[in-house]
Amino acid sequence: ATRWAEKQGRVVLPDPEPEKGYFYRSDHFNFAKIGIPALYGKASSESMEKGKEFAESQITEYRTSRYHQPADEYNDSFEVAAIIQDAELYLNIVKELANNGDWPDWKSTSEFKPIRDKSRPVN
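Below: a short report on this structure. (Residues numbered from 1 in each chain as written. Predicted model: local features only at pLDDT ≥ 70, side-chain atom pairs only at ≥ 80, totals over all residues. Heavy atoms only, no water.)

Here we look at the pattern of salt bridges
Counted according to the given criterion, the structure contains seven salt bridges. For Glu96, the salt bridge is made with Arg3, and the minimal N-O distance between the two is 2.6 Å. On the criterion of sequence distance, the pair formed by Glu96 in helix H4 (residues 81–100) and Arg3 in helix H1 (residues 2–7) is long-range, its members being 93 residues apart. Judged by relative accessible area, which is 28%, Glu96 ranks as partly exposed. Residue class for Arg3 comes out partly exposed when judged on its relative accessible area of 42%. Linking Asp86 and Arg10 is a salt bridge whose minimum nitrogen-to-oxygen distance equals 2.5 Å. Taken as a pair, Asp86 in helix H4 and Arg10 in the loop between H1 and helix H2 (29–33) lie far apart in primary sequence, 76 residues in all. Each of Glu17, Lys20 and Arg63 takes part in a single network of salt bridges with overlapping partners. (Salt bridge = Lys/Arg side-chain N within 4 Å of Asp/Glu carboxyl O. Helix = DSSP H or I, 4+ residues; strand = E, 2+ residues; numbered from the N terminus. Buried < 20%, exposed > 50% of the residue type's maximum accessible area, 1.4 Å probe, protein only.)

In structure tokens:
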């Protein structure tokens, strides 16, 4: 992921709020629980064009006013350039995995690696 992000002029950062457990509440967590590697990405709290303060205000407004509310819907005023970059990033990662023959795996420190190692096919 890092290499592909760098090609876009972007960086991969660790979760700035791990105590909130977003990974553990994500839709793909059910895959992780059984050892299937899952890429979890989310928007940064910085805007390349408008700065950190703007991005943080947008995130706060979304979480307090729309998240899991009736107003949590797409709006034509949304700026989607970063979403398009995210989609291209994930597409590049998936294409590489599909075409290179490497077996997706967890980092050695991941709590999910032992689960994956038990279910990994033997070559």
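So, next bit.
Some words on H4
Its 20 residues place the ends of H4 29 Å apart at the C-alpha level, agreeing with the 28 Å of an ideal helix rising 1.5 Å per residue. Of all the residues in H4, the buried ones are Asp86, Leu89 and Ile93. The buried side chains of H4 occupy one side of the element, clustering within an arc of 65° when seen end-on. Facing away from the buried side of H4, by more than 90 degrees, are the exposed residues Ala81, Ile83, Val94, Ala98 and Asn99. (Expected span 1.5 Å × (residues − 1). Arc of directions from axis to C-beta.)

As for unusual backbone geometry
We note that His68 has phi near 55°; this positive angle belongs to a residue other than glycine. Secondary-structure assignment places His68 in the loop between helix H3 (51–65) and H4.

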